[in-house]
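Summary of the model geometry
Take a look at the letters that make up each chain.
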Amino acid sequence: MEKLRLALFFGGMSSEHDVSCVSAATVAGVLDSEKYDVTYIGITKEGKWLLVEDVNTIADRSWENGNVSAILTPDTSHNLVIKRVSENGEASFEERKVDIAFPMLHGLFGEDGTIQGLFEMAHIPYVGCGHLASAITMDKFFTKVIADSIGVAQADYVGVRSYETADSYIDETVKRVEAKREYPMFIKPSCAGSSVGITKAHDRDELIKGLKLAAQHDSKILVEESIDGREIECAVFGYGDNTYATGVGEIVAAAEFYDFDAKYNNADSLTVVDPDIPEDKREEIRKKAVEIYRACDGFGFSRVDFFLEKGTDRVVFNEINTIPGHTAISMYPMLMEKAGHTMKEYVEELIQMAFQRHA
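Structural notes, computed from the coordinates. Residue numbers here run from 1 along each chain, matching the order of that chain's written sequence. Residues qualify for local features only when their pLDDT is at least 70, as the model is predicted, and side-chain atom pairs are given and counted only at 80 or more; totals for whole chains, interfaces and linings, by contrast, use all residues. By convention in this description, side-chain values take in all heavy atoms of the structure and omit both hydrogens and water.

Here we look at the environment of Tyr36
So the rule is basically this: Numbered from the N terminus, helices here are DSSP runs of H or I no shorter than four residues, and strands are runs of E no shorter than two. Relative accessibility under 20% of the residue-type maximum defines a buried residue, over 50% an exposed one, and the middle range a partly exposed one, all with a 1.4 Å probe and only protein chains included. We call two residues in contact whenever any of their non-hydrogen atoms come within 4.5 Å of each other. Polar contact is defined as a pair of N or O atoms within 3.5 Å, subject to the rule that within protein one atom must be able to donate a hydrogen and the other to accept it, and that residues adjacent in sequence are counted only when both atoms are side-chain atoms.
Take Tyr36: it is sitting in strand β2 (residues 36–43). The exposure class of Tyr36 is buried, given its relative accessible area of 3%. C-alpha of Tyr36 to C-alpha of Ala7: the two residues are 29 residues apart in sequence and 9.5 Å apart in space. Setting aside anything within four residues of it in sequence, one finds Tyr36 in contact with Lys3, Leu4, Leu6, Glu348, Ile351 and Gln352. In terms of polar contacts, Tyr36 uses its side chain to reach the side chain of Glu348, at 2.6 Å.

Quick word on the sheet that holds strand β15 (residues 300–309)
Selection criterion: Here a strand pair is declared whenever DSSP counts at least two bridges between the two strands. Simply put, an axis is a line fit to the C-alpha atoms, just over the touching stretch for a helix, and the angle between two N-to-C directions goes from 0 to 180 degrees.
Here five strands make up an open sheet; going across it, the order is β14-β13-β12-β15-β16 and the pairing antiparallel. Strands at the two margins of the open sheet, each flanked by one partner only, are β14 (270–273) and β16 (315–321). Along the sheet, successive strands turn relative to each other by an average axial angle of 30 degrees, direction set aside. Relative to β15, strand β12 (residues 229–238) is paired through 10 bridges, and the arrangement is antiparallel. What sits directly across from Val236, in β15, is Ser302. Contacting β12, β13 (244–252), β14 and β15, helix α9 (residues 331–338) runs over the sheet at an angle of about 65 degrees to β12.

A few points about the nonpolar core
Heads up, the rule is: Note on terminology: a nonpolar core comprises buried Ala, Val, Leu, Ile, Met, Phe, Trp, Tyr and Cys residues joined through side-chain atoms within 4.5 Å.
Within the largest apolar cluster, 37 residues are counted, with the highest numbers of intra-cluster contacts made by Leu6, Leu8, Phe102 and Ile351. Counting residues in hydrophobic clusters, the runner-up holds 22 residues, among them Val236, Ile292, Phe306 and Phe317.

A short note on the pairing of β16
Within β16, seven of the seven residues are buried, leaving the element largely enclosed by the surrounding structure. Sheet analysis places β15 next to β16, joined by six bridges and oriented antiparallel. Of the residues in β16, the one forming a bridge with Phe306 is Phe317. Counting the residues between successive antiparallel strands, the hairpin from β15 to β16 contains five residues, one of them, Gly311, with a positive phi of roughly 90 degrees.

Describing the packing of helix α5 (residues 170–180) against helix α6 (residues 204–215)
Just so we agree on the cut-off: Convention used here: angles under 35 degrees read as roughly parallel, angles over 145 as roughly antiparallel, angles from 65 to 115 as roughly perpendicular, and any remaining angle as oblique. With the far helix as reference, a near helix turned anticlockwise by less than a right angle produces a left-handed crossing, and one turned clockwise produces a right-handed crossing.
Running from N to C, α5 and α6 point in directions that differ by 115 degrees, and their axes come no closer than 11 Å. What the angle tells us is that α5 and α6 run roughly perpendicular. Judged by the sense of rotation from one axis to the other, the crossing of α5 with α6 is right-handed. Side by side, α5 and α6 meet where Ile170, Thr173, Val174, Val177 and Glu178 of the first sit next to Arg204, Leu207, Ile208 and Leu211 of the second.

Here's the deal with the packing of aromatic side chains
Threshold: Only Phe, Tyr and Trp rings are paired, with Trp represented by its six-membered ring, and only when their centres lie within 6.5 Å; those with planes under 30 degrees apart are stacked, over 60 edge-to-face, the remainder tilted.
One pass over the full model with this rule turns up 12 aromatic pairs. For the ring pair Phe119 and Tyr126, a centre distance of 5.5 Å and an interplane angle of 40 degrees mean the geometry is tilted. Assigned by exposure class, Phe119 and Tyr126 land together as buried. Measuring from centroid to centroid gives 6.3 Å for Phe237 and Tyr346, while their planes differ by 70 degrees, and the two rings are edge-to-face. Here the residue Phe237 occupies a position in strand β12, and Tyr346 occupies one in helix α10 (residues 343–358), the gap between them amounting to 109 residues. For Phe237, a relative accessible area of 9% puts it in the buried group.

Considerations on α9
If you check which residues of α9 are buried, you get Met331, Tyr332, Pro333, Leu335 and Met336. Against β12, β13, β14, β15 and α10 lie the buried residues of α9. In the segment just after α9, Gly340 is the residue with positive phi, at about 95 degrees.

What about the environment of Cys21?
Within the secondary structure, Cys21 sits in helix α1 (residues 17–28). Residues Cys21 and Leu72, spaced 51 residues apart in sequence, show a C-alpha to C-alpha distance of 19 Å. When near neighbours in sequence (up to four residues on either side) are disregarded, Cys21 contacts Phe10, Gly11, Ile58, Ala59, Arg61 and Trp63.

Quick word on helix α2 (residues 114–121)
Within α2, the full set of buried residues consists of Ile115, Gln116, Gly117, Leu118 and Phe119. The inward-facing, buried residues of α2 abut β1 (4–11), β3 (49–52), β4 (69–72), β7 (100–103) and α3 (131–138).

Description of the sheet that holds strand β10 (residues 199–201)
Here we have four strands laid out as an open sheet, ordered β8-β11-β9-β10, and antiparallel in their pairing. Looking at the sheet topology across the chains shown, the edges are occupied by β8 (157–161) and β10. Between one strand and the next, the sheet's axes are offset by a mean angle of 25 degrees, whatever the strand orientation. For β8 and strand β11 (residues 220–225), the ladder comprises five bridges, and the chain directions are antiparallel. Of the residues in β11, the one forming a bridge with Val160 is Ile221. The strands touched by α5 within the sheet are β8, β9 (185–189) and β11, with β8 carrying the most contacts at an inclination of about 170 degrees.

Function cannot be inferred from these measures alone, as they are strictly geometric.
Spelled out as structure tokens, the structure:
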């Protein structure tokens, strides 16, 4: 039987570039070599697309020293063009057909609907959420609008535009925020991923610094009430009526909150599968995870994050991630494994779902 030609995309121009490389290396390790002829395409932080010919170079990022270009085009008759340049400067081109695309790109320009739109223009089936769901869920502000529309509890918030953080506007902006929110409060870039650019403000000076930092990452900013609660996550898989939610896991952050450094650089942060949570709250979290996933038109897989508020046990929605991490400390594969689904099995199912959607 002829192998299916799968293209695995990783790296990217977001702040989660390094994490994406590790996730891709993990996924590459479970792809069935007897079934798939895999082409690895790495995107550098500067946006250069490279053909990666040695899978062992993905995780350590040494692939970034390569010089063979891989150009995915929206032309349905020329999916992938490989460009090699000889020592004397002569260029040669090779065309490859792509049967299925597997984006393992976290954050902007990968998880936000942009590359999904390119796949659709090229008529290439692809793994994961569609371009609309990807764009909506990447934008925390619009995800909150959807959560509000289906009556899911979440942290109260105020929206701020980046231009409102300029010195000429900042005093007015701070007064507006303080009129609606009490300290402490969280400041988040609306579209940045993996907790990048997020700060917690305990006073006006920290609010100003947090707003200016968030503005470096996005043009839209969320200022949220601080929820004192346990950080709970749930893995969701499938689509439509065939959507499935796993059990729940808990993040025990080594820092005051689970920012990028606490997540990836602090060994004291823990991911706990099957934490001690009342059964009715487990079921409520699972139910709400599926509700949010469906409302956002989720497809394939996503991780949905909540807080379990201390003192009240109120379930509060936090955010949804449509291309969850697959590193050694990532919750999604741990929860799927706990539920009886090995990564090799569910990766294969994700690929088959992509073909079903494209049919």
